[in-house]
Amino acid sequence: MNHILFNQLIECVKSASPNEACGLLFGDVKEIDYKGEYQYQYVGKKFNCIESNQKSPVAFLMSNLEELNRIFHDAFQKDKLRLISIFHSHPGGTYPSEIDFSNMRFLDNCGNKAFKNQIWAIMNARNMKLNGYILYNNEFMQIKIQKLKHY
Ligand SMILES: [Zn+2]
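These notes cover the structure that comes with them.

Observations regarding the overall build of the protein
Each helix and strand counted, the protein has 4 helices and 6 strands in total. When the helices and strands of the protein are listed from N to C terminus, the series reads α-β-β-α-α-β-α-β-β-β. Dimensions of the protein along its principal axes, counting C-alpha atoms only, are 45 × 35 × 35 Å. Across the 151 residues in the protein, those meeting the buried criterion constitute 43%. By sequence separation, contacts in the protein at least 24 residues apart represent 64% of the contacts at least 6 residues apart. Total accessible area on the protein is roughly 9,100 Å²; 50% of this is exposed by carbon and sulfur atoms. Here the protein contributes 18 positively and 15 negatively charged side chains, and the mean placements of these two sets differ by 5 Å.

Notes on the packing of aromatic side chains
Per the stated rule, a full pass over the model turns up 11 aromatic pairs. Summarising the aromatic geometry, the rings of Phe26 and Phe72 are spaced 5.7 Å apart at their centres and angled 85° between planes, so their arrangement reads as edge-to-face. Here Phe26, found in strand E1 (residues 22-34), pairs with Phe72, found in helix H3 (residues 65-78); they are 46 residues apart in sequence, far enough to count as distant. For the pair formed by Phe26 and Phe72, the shared burial category is buried. Ring geometry for Phe72 and Phe76: centres 5.4 Å apart, planes at 80°, overall edge-to-face. Taken together, the residues Phe72 and Phe76, both in helix H3 and 4 residues apart, mark about one turn of the helix. Counting every residue linked through ring pairs, the aromatic cluster contains Phe26, Phe72, Phe76 and Phe115.

Here we look at unusual backbone geometry
Ser17 connects to Pro18 through a cis peptide bond whose omega is 5°. You can see Pro18 is positioned in the loop between helix H1 (3-16) and E1. Its identity is not glycine, yet Asn138 carries a phi of approximately 65°, on the positive side. Note on Asn138: relative accessible area 55%, which makes it exposed.

With respect to the state of the cysteines
Summed over the entire model, instances satisfying the criterion amount to 1 disulfide. A sulfur-sulfur distance of 2.1 Å marks the disulfide that ties Cys12 to Cys49. Residues Cys12 and Cys49 are joined through a disulfide that is right-handed, its torsion about the S-S bond being 80°. Of this pair, Cys12 sits in helix H1 while Cys49 sits in strand E2 (residues 37-50), and the two are 37 residues apart along the sequence. The partly exposed category is assigned to Cys49, whose relative accessible area is 40%. Sulfur of Cys22: no disulfide; nearest cysteine sulfur belongs to Cys12 and is 7.0 Å away. Given the relative accessible area of 4%, Cys22 is considered buried. This cysteine, Cys110, is not joined by any disulfide, and Cys22 carries the nearest cysteine sulfur, 17 Å off. On the basis of relative accessibility, which here comes to 35%, the residue Cys110 falls in the partly exposed class.

Reading guide: rules and limits
Residues numbered from 1 in each chain as written. Predicted model: local features only at pLDDT ≥ 70, side-chain atom pairs only at ≥ 80, totals over all residues. Heavy atoms only, no water. Helix = DSSP H or I, 4+ residues; strand = E, 2+ residues; numbered from the N terminus. Buried < 20%, exposed > 50% of the residue type's maximum accessible area, 1.4 Å probe, protein only. Contact = heavy atoms within 4.5 Å. Areas by Shrake-Rupley, 256 points an atom, 1.4 Å probe, with all protein chains shown as cover. Lys, Arg positive; Asp, Glu negative; His and termini not counted. Charge placed at Lys NZ, Arg CZ, Asp CG, Glu CD. Phe/Tyr/Trp six-rings, centres within 6.5 Å; stacked < 30°, edge-to-face > 60°. Disulfide = S-S within 2.5 Å.

Limitation: the analysis is restricted to geometry and does not speak to function.
Below is the structure:
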């Protein structure tokens, strides 16, 4: 993601403080042939910060279907982007909680393709450090997040 998008994540976390922030990141997924090994590059292009006063971002997402539908409609129809990451913050640390893990598994197996293989991006609200995690074929992996000046 570029630094403008990264700053939007930070602003989202700051405005939600002391509660956990959450939001959705839209963009493209590119397949890259790296010396015969396929890699996936998720390119973030648009971020929606979502106001939440619930502990779980997924519970929030499920209970605000109207707003969610509008956000998805805009991203898909207007901007031709797909959902690439579910973002939220933790008061300290970036590692997924037990609830996060069960939500990751739930979304990956819920049957809705739009929610499969999402990056769970978690920001530490204390130092704004960002890490990303993904379930791929039911395997849990940490991904590399690159902050770019330009694409
Ligand atoms: Zn969490």
